[in-house]
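Reading the structure
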Amino acid sequence: MKIAVFPGDGIGAEVAREAVRVLEALNLPGLTLVEGDVGAIAYQRHGHPLPAETLDMAKASDAVLFGAVGDPSCDNLERHLRPEQAVLGLRSKLGLFANLRPATVFQGLEDMSGLRPELARTIDMLIVRELNGDVYFGDKGVRETADGEREGWDMMSYSTSEVRRIAHSGFQAARKRGSKLCSVDKANVLETSQLWRDVVVEVAAEYSDVELTHMYVDNAAMQMVKDPSQFDVVLTGNLFGDILSDLASMCVGSIGLLASASLGERQTKFGTFGLYEPIHGSAPDIAGQGLANPMAAILSVAMMLRHSFGMEDQAGRTEAAVAKALADGVRGRDLGGDLSTAAIGDAVLERL
Ligand code: NAI
Ligand code: MG
């Protein structure tokens, strides 16, 4: 089993260190870890945020553990040299089109949610976000109109095959959970969304055991705050998924708790190849001070064990160790406590 670790910048490197300690503590037989550069650190060392060696290392591995990228020193670089291109490049070059973002409230954290505790307690959803299409990857630019105004445009498009493959990911995830899938779109005004909805309905015929509903994205944002218990799996496009998952993160209490898996079609001999990362960024405001919560990165390791290695037992043990630490009052500054990144790592390791 080969795992490529790309720590990246700022707190990315700090939280990845704790996640690697957890991986090592699990004593997985035949595990090899290799480390590669991404982001601003890669730009400094190799002149590019995603060097060819790093991409090759990812391709030669069974899974990637990613910290985070981004550094204010790179703000004036051309777009293709900015650290963020590393994560966009990995997602597109590795064909990672399905982004899974679970959001659940841990016991003892109900009072940290942006929602009332009695609502927060009911949150248990999985956002399945399409990651390779939509306005993020469409034709875009700024042009001058006939009357001399500047006009910006970003093309939104989805093909049937793009929708079909993410719809299958959504239905399969729903089948493993509560068998409820809510597809979120804006089919009342967008053609892209109408096609999305048609294809999702077509795919649903293969999953008669899953209950399918549709919701417009504006209503979905409202419903997530009003009554989050109604959501099990939420299936949506790249842009709507980006926004809704940040909304969900604040319902859970801290961005330092949310893990993610980005999966594609590639199968290894152990499971599905994937890239695993906390949903947060490099947090320059707290970098280098040991203030980051590494739990999102550690929970990303659990997702890796489950999806890329079929190790449900070790995945569950890792999640249980984090849950136990939180229930025992282990808190970093993001949750109103004072424990350092390494001390939170120690607390999780002890329970593991
Ligand atoms: P951010 O997620 O880095 O930080 C947002 C806020 O949350 C900050 O106040 C930060 O201190 C706090 N925070 C984030 N993670 C935390 C943790 N584990 N523990 C405690 N507090 C935590 O987002 P921001 O500030 O918008 O972006 C900073 C840089 O990260 C930018 O360069 C951005 O482009 C990049 N970024 C990279 C991502 C990636 O590598 N996948 C994702 C999001 C942003
Ligand atoms: Mg985002």
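What you are looking at is a predicted structure, and each value in this text was computed from that prediction instead of being measured.

Analysis parameters
- In this convention, every chain numbers its residues from 1, walking through the sequence in written order.
- Both sets of labels track the order of writing: A upward for chains, 1 upward for ligands.
- Note on the predicted model: pLDDT of at least 70 is required for a residue's local features to be given, and 80 or more for side-chain atom pairs to be given and counted; whole-chain, interface and lining totals, by contrast, use all residues.
- Residues are counted as near a molecule or strand when the C-beta atom, derived from backbone positions, lies within 6 Å of that molecule or strand.
- Runs of E in the DSSP output that reach at least two residues are strands. Runs of H or I that reach at least four are helices, and both are numbered from the N terminus.
- The residue classification treats Ala, Val, Leu, Ile, Met, Phe, Trp, Tyr, Cys and Pro as nonpolar and Asp, Glu, Lys and Arg as charged. All others, Gly included, are polar.
- Note on burial: count the other C-beta atoms lying within 10 Å of the residue's C-beta; 20 or more is buried, 12 or fewer is exposed, in between is partly exposed, and C-beta positions come from the backbone.
- Relevant arc is that of directions from the helix axis to the C-beta atoms, nothing else.
- By definition, residue pairs are in contact when their C-beta atoms, positioned from the backbone, come within 7 Å.
- What counts as a domain boundary in this text is fixed by an automatic or database domain assignment.

This next bit is on the site of ligand 1. Taken together, 21 residues lie around ligand 1, and Gly70, Gly256, His280, Gly281 and Ala283 are the ones closest in. Looking at the shell around ligand 1, the elements that each hand over two or more residues are helix 1 (11-25) and helix 4 (84-93). Of the residues belonging to the shell around ligand 1, the class tally is 11 nonpolar, six polar and four charged.

Now for helix 8 (residues 217-226). For helix 8, every residue scored as buried is listed here: Val217, Ala220 and Met224. On an axial view of helix 8, the arc spanned by its buried residues comes to 45°, and they lie on one face. Facing away from the buried side of helix 8 by over 90 degrees, the exposed positions are Asp218, Asn219, Met222 and Lys226. For helix 8, the secondary structure elements touched by its buried residues are strand 8 (180-185), strand 9 (211-216) and helix 9 (238-252).

Interfaces are often sized by the accessible area lost when the parts come together. Structurally, the protein chain comprises domain 1 (1-96 + 260-352) and domain 2 (110-252). Placing a centre on the C-alpha atoms of domain 1 and another on those of domain 2 gives a separation of 24 Å. With six residues of domain 1 at the contact, the number on the domain 2 side is five residues. Of the residues contributing to the side of domain 1 that touches domain 2, the split by class is three nonpolar, two polar and one charged.

Bringing unusual backbone geometry into the picture now. Unusually for a residue other than glycine, asparagine 27 sits at a positive phi of about 50°. When you line up the elements, asparagine 27 lands in the loop between helix 1 and strand 2 (32-35). The class for asparagine 27 is exposed, based on 8 C-beta atoms found within 10 Å. The residue alanine 283 is not glycine, and still its phi comes out positive at about 40°. Tracing the chain through its elements places alanine 283 in the loop between strand 12 (272-278) and helix 10 (295-309). According to the C-beta neighbour criterion, alanine 283 is buried, with 21 such atoms within 10 Å.

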